[in-house]
Amino acid sequence: MSAAVAWDVAPAPVRVPVRPARPQLVSVPTGAAVPEVPATPVRITRAGRLALTLTVVVAAVALAVALFSGGASATVIDHSTTVGAGQTLSEIATQQLPQLPMAEAVAQLQIANDLTGSDIHAGQTLLIPRVG
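Residues numbered from 1 in each chain as written. Predicted model: local features only at pLDDT ≥ 70, side-chain atom pairs only at ≥ 80, totals over all residues. Heavy atoms only, no water.

Draft legend 1. View of the confidence of the model for the protein chain. Mean pLDDT over the protein chain works out to 84, with 88% of the residues at or above the 70 mark. Ranking the elements of the protein chain by mean pLDDT puts helix α1 (residues 2–8) last with 53 and helix α2 (residues 46–68) first with 93. (pLDDT = per-residue confidence, 0-100. Helix = DSSP H or I, 4+ residues; strand = E, 2+ residues; numbered from the N terminus.)

Draft legend 2. Summary view of the pattern of salt bridges. By the definition in use, this model includes 1 salt bridge. Salt-bridge contacts for Arg130 lead to Asp78; the nearest nitrogen and oxygen are separated by 3.7 Å. In this pair, Arg130 sits in the segment after β2 (125–129) while Asp78 sits in strand β1 (residues 77–82), placing the two residues 52 residues apart along the sequence. Asp78 sits in the partly exposed class, given a relative accessible area of 43%. (Salt bridge = Lys/Arg side-chain N within 4 Å of Asp/Glu carboxyl O. Buried < 20%, exposed > 50% of the residue type's maximum accessible area, 1.4 Å probe, protein only.)

Draft legend 3. Layout of a nonpolar patch on the surface. Side chains of Val42, Ile44, Leu52 and Val56 sit close together on the surface and give an oily, nonpolar patch of about 410 Å² of accessible area. As for its position among the elements, Val56 is in helix α2. (Patch = residues over 30% accessible without salt bridge, like charges linked within 9 Å, V, L, I, M, F, W, Y side chains within 5 Å. Areas by Shrake-Rupley, 256 points an atom, 1.4 Å probe, with all protein chains shown as cover.)

Draft legend 4. Region of interest: the nonpolar core. Core analysis: the largest hydrophobic core is formed by 13 residues, its most contacted members being Leu89, Ile92, Leu97, Leu109, Ile120 and Leu126. Residue assignment for this core shows that the elements contributing at least two residues are α3 (89–96), α4 (102–113) and β2. Every residue in contact with Leu126, bar those within four places of it in the chain, is listed here: His79, Ser80, Thr81, Val83, Leu89, Ile92, Asn113, Leu115 and Ile120. (Core = buried A, V, L, I, M, F, W, Y, C linked by side-chain atoms within 4.5 Å. Contact = heavy atoms within 4.5 Å.)

Have a look at this one:
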């Protein structure tokens, strides 16, 4: 009986963990060896077409507003004057536009000459707008 028992108690096979195979390097063709791949057309979804259309429409409207907004209120130039040494913008405004209050006359001169402030220098030519 002991022999029969010995046959039944066989050692279990040992499981050795198998490491996954490492990826191997692959040669990639370069230069003239690269095969010619036909270009696939770009496909835009419905949402993409809508966004593109809205962007173009908004840009066109903004351009139209920018181009046509200055037409009705364009300043008409009456004459020009040259700034003398020591003259200020407010002095020129009161001399050239006596019918307007000084603040409004200065503002009219700034608009007509594209001035961002009240800085002017001797020898500069200022355009005097027509009032009325």
